[in-house]
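# Reading the structure
Here are the chains, one letter per residue:
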Amino acid sequence: LEMDMDEEKIKATEKSMLFFDLLVLMRELVRSQLGLIVNPETGEAIKDIESARRLVDMIAVLKEKTEGNLNDQEQRVIDNLISELQMACVKADK
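Residues numbered from 1 in each chain as written. Predicted model: local features only at pLDDT ≥ 70, side-chain atom pairs only at ≥ 80, totals over all residues. Heavy atoms only, no water.

### Let's talk about the pattern of salt bridges
Considering all chains together, one arrives at five salt bridges under this definition. Salt-bridge contacts for lysine 63 lead to aspartate 79; the nearest nitrogen and oxygen are separated by 2.8 Å. Here lysine 63, found in helix 2 (residues 49–65), pairs with aspartate 79, found in helix 3 (residues 72–92); they are 16 residues apart in sequence, far enough to count as distant. For lysine 63, a relative accessible area of 25% translates into the label partly exposed. A network of salt bridges, in which partner residues are shared, links Arg27, Glu28 and Glu84. (Salt bridge = Lys/Arg side-chain N within 4 Å of Asp/Glu carboxyl O. Helix = DSSP H or I, 4+ residues; strand = E, 2+ residues; numbered from the N terminus. Buried < 20%, exposed > 50% of the residue type's maximum accessible area, 1.4 Å probe, protein only.)

Quick look at the structure:
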């Protein structure tokens, strides 16, 4: 029984880590679309604010669809990420 609980904790931790990895990946995609990251191959930064906003909307849908299934830390991270990226979109549009 104790082994099962340990395995469940490990699986939950692994799933949290994958969730955070997904959010980091999406964050980098948004930052790239906002021209904040230079493409190492071309040396250029491309700005596509509409695509960036769409990615932020996707993260918001992910938050909505996972409502009630996230632990406190996961909820804080996704909330903060959405706020950060929404502000970055507004700044990039000026």
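### With respect to the side chain of serine 16
Mapped onto the elements, serine 16 comes out in helix 1 (residues 2–33). What makes serine 16 buried here is its relative accessible area of 11%. If we skip the residues at most four places from it in the chain, serine 16 touches Asn71 and Glu74. (Contact = heavy atoms within 4.5 Å.)

### Thoughts on a negative patch on the surface
Taken together, the side chains of Asp4, Asp6, Glu7 and Glu8 present a region of like negative charge at the surface. Its place among the elements puts glutamate 7 in helix 1. (Patch = residues over 30% accessible without salt bridge, like charges linked within 9 Å, V, L, I, M, F, W, Y side chains within 5 Å. Areas by Shrake-Rupley, 256 points an atom, 1.4 Å probe, with all protein chains shown as cover. Lys, Arg positive; Asp, Glu negative; His and termini not counted. Charge placed at Lys NZ, Arg CZ, Asp CG, Glu CD.)

### As for the environment of leucine 85
Secondary-structure assignment places leucine 85 in helix 3. Sequence spacing of leucine 85 and arginine 27 is 58 residues, and the spatial spacing of their C-alpha atoms is 7.4 Å. The contact partners of leucine 85, leaving out residues within four places of it in the chain, are Arg27, Val30, Val56 and Ile59.

### Topic: the nonpolar core
Leu23, Val30, Leu34, Ile59, Ile78 and Leu85 are the most contacted members of the largest nonpolar core, which totals 18 residues. Elements supplying a minimum of two residues to this core: helix 1, helix 2 and helix 3. Counting residues per element, this core draws most heavily on helix 3, at seven residues. Beyond its immediate chain neighbours, meaning those up to four positions away, isoleucine 78 contacts Phe19, Leu23, Ile59, Leu62, Lys63 and Leu70. (Core = buried A, V, L, I, M, F, W, Y, C linked by side-chain atoms within 4.5 Å.)

### A look at a nonpolar patch on the surface
There is a patch of nonpolar side chains on the surface, built from Leu22, Leu25 and Leu29 and spanning about 250 Å² of accessible area. On the basis of relative accessible area, leucine 22 is assigned to the partly exposed category, the value being 35%.

### What about the packing of helix 2 against helix 3?
Relative to each other, helix 2 and helix 3 sit at 160°, their axes nearing to 10 Å. Considering their axes alone, helix 2 and helix 3 lie roughly antiparallel with respect to each other. The hand of the helix 2/helix 3 crossing is left-handed. Within the contact between the two elements, helix 2 uses Ile49, Ala52, Arg53, Val56, Ile59, Ala60, Leu62 and Lys63 and helix 3 uses Gln75, Ile78, Asp79, Leu81, Ile82, Leu85, Gln86, Cys89 and Ala92. Here the contact of helix 2 with helix 3 is composed, by residue class, of 12 nonpolar, two polar and three charged. (Axes fitted to C-alpha atoms, helices over the stretch in contact; angles between N-to-C directions. Parallel < 35°, antiparallel > 145°, perpendicular 65-115°, else oblique. Left-handed = near helix turned anticlockwise from the far one by under 90°. Nonpolar A, V, L, I, M, F, W, Y, C, P; charged D, E, K, R; others polar.)

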